[in-house]
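Observations on chain architecture
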Amino acid sequence: MGRLTRDFCNGCPLRGPAKHFVSGVGPKERPDLPIMFVGEAPGEDEDESGIPFVGAAGTRVFDPLLKEVGLVRRKVWIYNVLGCRPPSNKIDHPDAKHALGICPTNTLYPAIAEHQPDVIVAMGATAVRALLGVKSVKLGDVRGKPVEVIVAGHRCVVVPTYHPASLLPHRRPQDRGYVVGDFRRAVSIAEGGDFNVSKHYSVLTTLEDVEEFFLGLANVRKLISFDIESQNHSEDVVDVQRDKILGLSFSWKAGHAVYLPIRHRPPFHYDLQDFWGKDQEYVVSLVRGILEDPQIPKGGQNKKYDAQVLQCDLGIRLCGYVFDTMYASHN
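What follows concerns the overall build of the protein. When helices and strands are counted, the protein shows 12 helices and 13 strands. Whereas a compact globule of 331 residues would reach a radius of gyration of roughly 20 Å, the protein reaches 21 Å, a difference of no more than 12%. Summarising its shape, the C-alpha atoms of the protein cover approximately 55 × 45 × 40 Å along the three principal directions. Buried positions account for 46% of the 331 residues belonging to the protein. The contacts of the protein with a sequence gap of at least 6 include a subset with a gap of at least 24, amounting to 67%. Here the protein displays about 16,300 Å² of accessible surface, and carbon together with sulfur accounts for 49% of that area. Side chains of the protein give 39 positive and 40 negative charges; the mean places of these two sets differ by 4 Å.

In contact at an axis separation of 10 Å, helix H2 (residues 56-68) and helix H8 (residues 176-190) are set at 50° when each is read in the N-to-C sense. Considered as vectors, H2 and H8 are oriented oblique to each other. Between H2 and H8 the crossing geometry is right-handed. In contact with Phe62, Pro64, Leu65, Leu66 and Glu68 of H2, H8 contributes Arg176, Val179, Val180, Phe183 and Arg184.

To continue, consider the environment of Leu318. The residue Leu318 is located in the loop between helix H11 (303-314) and strand S13 (321-324) in this model. A C-alpha to C-alpha distance of 39 Å links Leu318 and Leu14, two positions 304 residues apart in sequence. Filtering out sequence-adjacent residues up to four positions away, Leu318 remains in contact with Phe226, Leu291, Lys298 and Ala307.

All right, on to the confidence of the model for the protein then. For the protein, the average pLDDT comes to 87, and 91% of its residues sit at 70 or higher. Here residues 1-5 scores under 50 on pLDDT; set against residues more than four positions off or in separate chains, the count is 16 contacts.

Time to look at the packing of helix H9 (residues 207-217) against helix H10 (residues 280-291). It is at 10 Å that the axes of H9 and H10 come closest, and there the two elements cross at 15°. By the angle between their axes, H9 is roughly parallel relative to H10. Along this stretch, H9 crosses H10, giving a crossing that reads as left-handed. Two secondary-structure elements touch here, H9 through Leu207, Val210, Glu211, Phe214 and Leu217 and H10 through Tyr282, Val283, Leu286, Val287 and Ile290.

Turning to the nonpolar core, a few remarks are in order. The biggest cluster of nonpolar side chains holds 51 residues, and the ones touching the most others in it are Ile35, Phe37, Val38, Leu71 and Phe183. The element contributing the most residues to this core is H8, with seven residues. Not counting the four nearest positions on each side in its chain, Phe37 is found in contact with Phe62, Leu66, Leu71, Val76, Trp77, Ile78, Tyr79, Val121, Met123 and Phe183. Ranked by size, the runner-up nonpolar core spans 30 residues in total, among them Ile262, Val284, Ile290 and Tyr305.

An ideal rise of 1.5 Å per residue puts 16 Å on 12 residues; H10 measures up with 17 Å between its terminal C-alpha atoms. Of all the positions in H10, only Gln280, Val283, Val284, Leu286, Val287, Ile290 and Leu291 are classed as buried. All buried residues of H10 project into a common sector of 150° when viewed along the axis, lining one side.

Following the sequence through the fold, Asp324 ends up in strand S13. No salt bridge is formed by the buried Asp324, whose closest oppositely charged neighbour, Lys303, lies at an N-O distance of 5.9 Å. Among the polar contacts listed, one links the side chain of Asp324 to the side chain of Tyr321, at a separation of 2.8 Å.

Another point: the pattern of salt bridges. Counting across every chain of the model gives 15 salt bridges. Across the salt bridge formed by Asp175 and Arg172, the nearest N and O atoms sit 2.8 Å from each other. The partner of Asp182 in a salt bridge is Arg185, and the shortest N-O contact between them spans 3.1 Å. With Asp182 and Arg185 both in helix H8 and three residues apart, the pair spans about one turn of that helix. Taken together, the shared-partner salt bridges in this structure form one network comprising Lys244, Arg263, Asp274 and Asp313.

Here we take up unusual backbone geometry. Backbone geometry places Phe53, a non-glycine residue, at a positive phi of 55°. For Phe53, a relative accessible area of 5% gives the class buried. Phi at Asn89 is positive, roughly 65°, even though this residue is not glycine. Mapping Asn89 onto the fold places it in the loop between strand S2 (77-80) and helix H3 (94-99). Note on Asn89: relative accessible area 43%, which makes it partly exposed.

It is worth spelling out the pairing of S13 at this point. Pairing geometry for strand S12 (residues 298-300) and S13, over three bridges, is parallel. Bridging across to S13, Gly299 finds its partner in Phe323. For the segment spanning S12, H11 and S13, crossover handedness is right-handed.

Using the criterion set out here, one finds 10 aromatic pairs in the structure. Judged by centre distance (5.0 Å) and plane angle (55°), the ring pair of Phe37 and Phe183 falls under tilted. Placement of the pair is Phe37 in strand S1 (residues 35-39) and Phe183 in helix H8, with a sequence separation of 146 residues. On the basis of relative accessible area, Phe37 is assigned to the buried category, the value being 1%. Seen from their ring centres, Phe213 and Phe250 are 5.9 Å apart, and the 55° between their planes marks the pair as tilted.

About the thresholds
- Residues numbered from 1 in each chain as written.
- Predicted model: local features only at pLDDT ≥ 70, side-chain atom pairs only at ≥ 80, totals over all residues.
- Heavy atoms only, no water.
- Helix = DSSP H or I, 4+ residues; strand = E, 2+ residues; numbered from the N terminus.
- Rg over C-alpha atoms; globule rule 2.2 N^0.38 Å.
- Buried < 20%, exposed > 50% of the residue type's maximum accessible area, 1.4 Å probe, protein only.
- Contact = heavy atoms within 4.5 Å.
- Areas by Shrake-Rupley, 256 points an atom, 1.4 Å probe, with all protein chains shown as cover.
- Lys, Arg positive; Asp, Glu negative; His and termini not counted.
- Charge placed at Lys NZ, Arg CZ, Asp CG, Glu CD.
- Axes fitted to C-alpha atoms, helices over the stretch in contact; angles between N-to-C directions.
- Parallel < 35°, antiparallel > 145°, perpendicular 65-115°, else oblique.
- Left-handed = near helix turned anticlockwise from the far one by under 90°.
- pLDDT = per-residue confidence, 0-100.
- Core = buried A, V, L, I, M, F, W, Y, C linked by side-chain atoms within 4.5 Å.
- Expected span 1.5 Å × (residues − 1).
- Arc of directions from axis to C-beta.
- Salt bridge = Lys/Arg side-chain N within 4 Å of Asp/Glu carboxyl O.
- Polar contact = N/O pair within 3.5 Å; in protein donor to acceptor, adjacent residues only side chain to side chain.
- Pairing = 2+ DSSP bridges.
- Right-handed = clockwise from strand over helix to strand, strands pointing away.
- Phe/Tyr/Trp six-rings, centres within 6.5 Å; stacked < 30°, edge-to-face > 60°.

Right, dumping it as structure tokens:
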């Protein structure tokens, strides 16, 4: 902890205003209950001290919650998605959104790979999105439902819940019982208790996983839903000839989905970089084999845009597209 000296902070808009980069804390040795708690971003008190969850949300809500379910700080890992405080604590501030493309890849995900927690409690929508690999989420729909995921190559169970700050007296303290129940569920899972996995999501981060996934997908002859995650060439302006694909998500049955990264922003600048390096063209060829196969029916949302960007950016000509939810909504 201390002043911002980390290389990956170069170019991040949160670096200048923040006083401290707030590292995660927790045991160096694997505890009896390997649980990690992940919040959203440091607040004012955390920015001053360099320690996560020491402000009102930490001392008045988070710490008592841990005690109520039989846990103590020193025996759990505590992290945030962002290491620096966003302006005015606003996680939706443009600078915070920029930082979300840099910080988790360099701090949170490596920490998960190192500690390998059995259970991660995702506190707040930002943490849930980062850990489930989804672009948007309605927290009330997923709260308390365990999700089996692969994060940074590590398989674990994520338990989504509300952020402790939301339980402060001036907000929604009546939701405290829900969060207590979610914390208890996390403890039970870590102890080896039975649980029903609500959904199965994963992020494909190894070439072996990619090959295995597309081999199985090639044998699917029912509707496959897919979507692209793109970055506009110009902010808030759609340009199908210049927009770039960051990744694609696929779902082939209820409750199961994967995300395949194609590009990412490296830590030192905002230019996009191929995720797969020398294997980039090979991975794209596997995607092409599925999306250009007319025998595999496909569906999704606003595929007119997706089809154009796929062709202009990756040279993929979409075939077998049979259902679009945007078109269906107008009928």
